[in-house]
Amino acid sequence: GGEILDPALAVFEYIWDGSAWQPIDGTVIEVGITQDSKPPEVAFVAGISLSGATLTAYVFFTEAISVVGALGTAVSITDCGPDIDCQTARDNGKKAFDAEVAFDVGFAGDHLRYGALQIRKTLPTHDRRYEVRIPANFVR
């Protein structure tokens, strides 16, 4: 028989079968695995910086993410206009859909891997307010 290892390559001695801990003694234990149908949620936004006209921001999700940019979706960035009010659309700039995105950009701590999405975009002007929108199901 084989051994069951955790991510740190330690041998499991017990396994949860859904109702109780069972010792692993070479017998086959069937464990039901259900599909995760709930998409990751935004936990917090941090690390917003502006270098020249390039905006960099990090969005952290409640779990690790493995896919960015579901078919037909993109992060949008909108210039909120001279009045810096995104709700007043009459002076807002066009939505830009060409931001660079990367995921799981190397943030780790206490053996946990965070679902981090990095967004980078060179802005037309840095003295405005910008609205960044991440569409539903953009990450999985």
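Structure: see above.
Residues numbered from 1 in each chain as written. Predicted model: local features only at pLDDT ≥ 70, side-chain atom pairs only at ≥ 80, totals over all residues. Heavy atoms only, no water.

Enquirer: Mind showing me how you'd approach the sheet that holds strand β6 (residues 95-96) here?
Expert: Adjacent strands of a sheet pair through backbone hydrogen bonds, lying either parallel or antiparallel. Reading across from one edge, β6-β5-β11 is the order of the 3 strands in this open sheet, with antiparallel pairing throughout. The open sheet has two free edges, formed respectively by β6 and β11 (130-133), since each of these has just one partner strand. Of the pairings in the sheet, the one linking strand β5 (residues 76-79) to β11 comprises 4 bridges and is antiparallel in character. Along β11, the bridge assignment pairs T78 with E131. (Pairing = 2+ DSSP bridges. Helix = DSSP H or I, 4+ residues; strand = E, 2+ residues; numbered from the N terminus.)

Enquirer: How should I be thinking about the sheet that holds strand β4 (residues 54-61) in this particular structure?
Expert: In space, the 4 strands of this open sheet follow the order β3-β4-β10-β7, with antiparallel pairing throughout. Of all strands in the sheet, those with a lone pairing partner are β3 (42-51) and β7 (100-103), marking the two edges. With direction set aside, neighbouring strand axes in the sheet form an average angle of 15 degrees. Across 4 bridges, the pairing between β7 and strand β10 (residues 115-122) is antiparallel. (Axes fitted to C-alpha atoms, helices over the stretch in contact; angles between N-to-C directions.)

Enquirer: How do you make sense of the nonpolar core when you look at a structure like this?
Expert: Grouped burial of nonpolar side chains is what soluble globular proteins tend to show. Residues F61, I77, L117 and I119 are the most contacted members of the largest nonpolar core, which totals 13 residues. By residue number, the principal contributor to this core is β4, which donates 3 residues. (Core = buried A, V, L, I, M, F, W, Y, C linked by side-chain atoms within 4.5 Å. Buried < 20%, exposed > 50% of the residue type's maximum accessible area, 1.4 Å probe, protein only.)

Enquirer: When you look at the state of the cysteines in this model, what are you seeing that I'm missing?
Expert: Two cysteines form a disulfide when their sulfur atoms are joined by a covalent bond. Summed over the entire model, instances satisfying the criterion amount to 1 disulfide. The disulfide partner of C80 is C86, and the gap between their sulfur atoms is 1.5 Å. By the burial criterion, C80 is buried, and C86 matches it. (Disulfide = S-S within 2.5 Å.)

Enquirer: Is there a simple way to think about the pattern of salt bridges in this case?
Expert: Any two side chains of opposite charge can pair if their charged atoms end up close together. All told, the structure shown has 3 salt bridges when counted by the stated rule. The partner of R128 in a salt bridge is D79, with the nearest N and O atoms 2.9 Å apart. You can see R128 sitting in the loop between β10 and β11 and its partner D79 sitting in strand β5, a full 49 residues away along the chain. Its relative accessible area of 31% is what places R128 among the partly exposed residues. On the basis of relative accessible area, D79 is assigned to the buried category, the value being 11%. Linking E131 and R133 is a salt bridge whose minimum nitrogen-to-oxygen distance equals 3.2 Å. (Salt bridge = Lys/Arg side-chain N within 4 Å of Asp/Glu carboxyl O.)

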